[in-house]
Amino acid sequence: VLVRIGPFAEPYPYVAACARGWFDWATADVRYRVECSVPRSVGSHALAQLDSGLLDLFLLDSTSLATALARGVGLSLLYINRVVNTDEALVARTVSRTAPQQKDIRSPKDLDGLTVGVPFGSSAHYHLSFLMELFEVQIDLRFLPPDDLLAAWDMGLIDAAWASNPTRSQLQARGGETLVNSGLLAEWGRPTLNGIVGRNAFVDENTAFVARVVRLMAMLDTAWLREEGLTKAAEGLVAADANAVLDADADGLTDAQEGDGDADGDGIPDRLQSNFH
């Protein structure tokens with residue numbers, strides 16, 4: 001069974017695992033081969049592929065997921081990777097370039113009447129809409145994907161942008177200042193999150209495989225967050241002996257995948273598990 005997983009263009013531990021084939025699995029009845037698709041920068045791009053059945057599992061932001069569920073798309077939230085925090089923010093110039101006369105920008109209220117870029121239908125769009133309501137400002141919104149936000153900034157077409165990394169960091173490197181971040185708005189009662197979603201048809205037909213993928217993702221995230229696990233994660237998430245376990249045999253399966261070395265029967269090799277405890 002070919003499984004298509006689509007990541008965001010963000011450095012999550014599971015992306016490395018996907019690229020190295022750690023999600024591949026075989027049971028007595030079926031073999032699963034996981035294919036990592038090209039990273040997407042906006043959730044709406046993934047929804048189009050999920051709708052058409054071109055993806056099976058995908059990392060999606062909560063706003064895009066809510067939009068899809070409202071449309072009646074058959075999706076399930078399987079695992080929450082993280083609540084969006086300081087890495088997604090509203091970054092602005094210190095002085096406007098779109099206003100008819102010089103205008104300093106020091107707070108969200110100073111954006112009244114100015115032009116701000118944001119990816120349409122994203123969690124950033126959701127937070128920017130909330131901020132406009134909260135501060136009672138009228139903003140000229142320009143809906144642009146993350147890559148185009150940088151070009152619009154460089155050409156002086158926008159005064160600010162709500163973006164996640166790496167775009168947010170690149171805007172700051174160009175002289176932008178953070179006015180507010182998504183973590184603060186989460187504290188104000190408007191949290192957003194990124195999570196793994198799956199097509200219901202695929203999840204229902206492959207429950208054991210999906211459960212294994214989610215458990216392995218959780219183990220990788222735990223390793224990433226632990227001090228001693230951080231080095232392992234940065235070096236490939238597991239030690240060299242685990243890499244040997246995961247090297248494919250001549251028939252394309254590891255000993256652990258064929259049934260050896262999996263005492264608890266969860267489909268995760270025992271020697272791989274030991275690297276996360």
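This one's a predicted model, so the numbers in the text were calculated from it and none came from an experiment.

A.B. asks: What am I meant to see in the confidence of the model for the chain here?
C.D. replies: Detailed reading of the predicted coordinates is not advisable wherever pLDDT is low. Chain-level statistics for the chain give a pLDDT mean of 79 and a share of 74% at 70 or above. Within the chain, helix α11 (residues 240–246) has the poorest average pLDDT of any element, 34, and strand β7 (residues 115–118) the best, 97. Low pLDDT, under 50, characterises residues 233–261; the predicted model gives this stretch 50 contacts beyond four residues in sequence or across chains. In the model, residues 266–277 has pLDDT below 50 throughout and makes 41 contacts with residues more than four positions away in sequence or in other chains.

A.B. asks: Got a minute to help me understand the side chain of Asn181 in this structure?
C.D. replies: Mapped onto the elements, Asn181 comes out in strand β10 (residues 177–181). Among the polar contacts made by the side chain of Asn181, one reaches the main-chain amide nitrogen of Gly183 at a distance of 3.0 Å. Residue contacts for Asn181: discarding those within four places in its chain leaves Asn85, Thr86, Glu88, Ala89 and Trp162.

A.B. asks: How do you make sense of the side chain of Asn81 when you look at a structure like this?
C.D. replies: With respect to the helices, strands and loops of the structure, Asn81 is situated in strand β5 (residues 75–83). Judged by relative accessible area, Asn81 falls into the buried class, the value being 13%. Filtering out sequence-adjacent residues up to four positions away, Asn81 remains in contact with Tyr12, Tyr14, Leu59, Asn194, Gly195, Ile196 and Asp221.

A.B. asks: How do you make sense of the sheet that holds β7 when you look at a structure like this?
C.D. replies: Paired through their backbone hydrogen bonds, the strands of a sheet run either parallel or antiparallel. Taken in spatial order, the five strands line up as β8-β7-β9-β6-β10 in an open sheet, and their pairing is mixed. Both edges of this open sheet fall to β8 (140–143) and β10, since each of them pairs with a single strand only. Here the strands of the sheet are splayed against their neighbours by 25° on average, with no regard to which way each runs. In this structure, β7 lies alongside β8, joined through four bridges in parallel fashion. Bridge pairing links Thr115 to Asp140 in β8. Where helix α4 (residues 123–135) meets the sheet, its contacts fall on β6 (88–92), β7, β8, β9 (160–164) and β10, and the angle it forms with β6 comes to roughly 60°. Across the sheet, helix α5 (residues 146–154) lies against β6, β7 and β9, angled at about 155° from β9, the strand it touches most.

A.B. asks: Looking at this structure, how should I read the nonpolar core?
C.D. replies: Proteins that are soluble and globular tend to have nonpolar side chains buried together. Judged by nonpolar contacts, the single largest core of 24 residues is most densely connected at Val3, Ile5, Tyr14, Phe23, Val34, Phe209 and Met217. For this core, the elements supplying multiple residues, two or more each, are β1 (2–6), α1 (13–19), β3 (31–36), β4 (57–61), α8 (200–205) and α9 (207–225). No other element matches α9, which puts seven residues into this core. What Val34 contacts, discounting residues up to four positions off in sequence, is Val3, Ile5, Cys18, Phe23, Asp24 and Phe209.

A.B. asks: Sorry if this is basic, but what is going on with unusual backbone geometry here?
C.D. replies: Most of the time, phi is negative for any residue but glycine, and the peptide bond is trans. Of note, the bond from Asn165 into Pro166 is cis; its omega dihedral lies within 30 degrees of zero at 10°. Take Pro166: it is sitting in the loop between β9 and α6 (167–173). Positioned with a positive phi, Glu136 is a non-glycine residue whose angle comes to about 55°. Mapped onto the secondary structure, Glu136 falls in the loop between α4 and β8.

A.B. asks: How do you make sense of the pattern of salt bridges when you look at a structure like this?
C.D. replies: Pairing of side chains with opposite charge becomes possible as their charged atoms draw close. Applying the stated criterion across every chain yields a total of five salt bridges. Of the charged contacts, one joins Arg4 and Asp56 as a salt bridge, the two residues approaching to 2.9 Å between their closest N and O atoms. In this pair, Arg4 sits in strand β1 while Asp56 sits in the loop between α2 (43–51) and β4, placing the two residues 52 residues apart along the sequence. Put simply, Arg199 and Asp56 hold a salt bridge, and the shortest N to O gap is 2.5 Å. Placement of the pair is Arg199 in strand β11 (residues 193–199) and Asp56 in the loop between α2 and β4, with a sequence separation of 143 residues.

A.B. asks: Would you take a moment to explain the packing of aromatic side chains for this structure?
C.D. replies: Two aromatic rings are characterised by how far apart their centres lie and by the angle between their planes. Taken as a whole and judged by the stated rule, the model has four aromatic pairs. Their ring planes at 90° and their centres at 6.3 Å tell us that Phe202 and Phe209 sit as a pair that is edge-to-face. Phe209 sits in the buried class, given a relative accessible area of 0%. Through pairs of rings, three or more aromatic residues link up here, namely Trp25, Tyr32, Phe202 and Phe209.

Reading the values: the criteria
- Residues numbered from 1 in each chain as written.
- Predicted model: local features only at pLDDT ≥ 70, side-chain atom pairs only at ≥ 80, totals over all residues.
- Heavy atoms only, no water.
- pLDDT = per-residue confidence, 0-100.
- Helix = DSSP H or I, 4+ residues; strand = E, 2+ residues; numbered from the N terminus.
- Contact = heavy atoms within 4.5 Å.
- Polar contact = N/O pair within 3.5 Å; in protein donor to acceptor, adjacent residues only side chain to side chain.
- Buried < 20%, exposed > 50% of the residue type's maximum accessible area, 1.4 Å probe, protein only.
- Pairing = 2+ DSSP bridges.
- Axes fitted to C-alpha atoms, helices over the stretch in contact; angles between N-to-C directions.
- Core = buried A, V, L, I, M, F, W, Y, C linked by side-chain atoms within 4.5 Å.
- Salt bridge = Lys/Arg side-chain N within 4 Å of Asp/Glu carboxyl O.
- Phe/Tyr/Trp six-rings, centres within 6.5 Å; stacked < 30°, edge-to-face > 60°.

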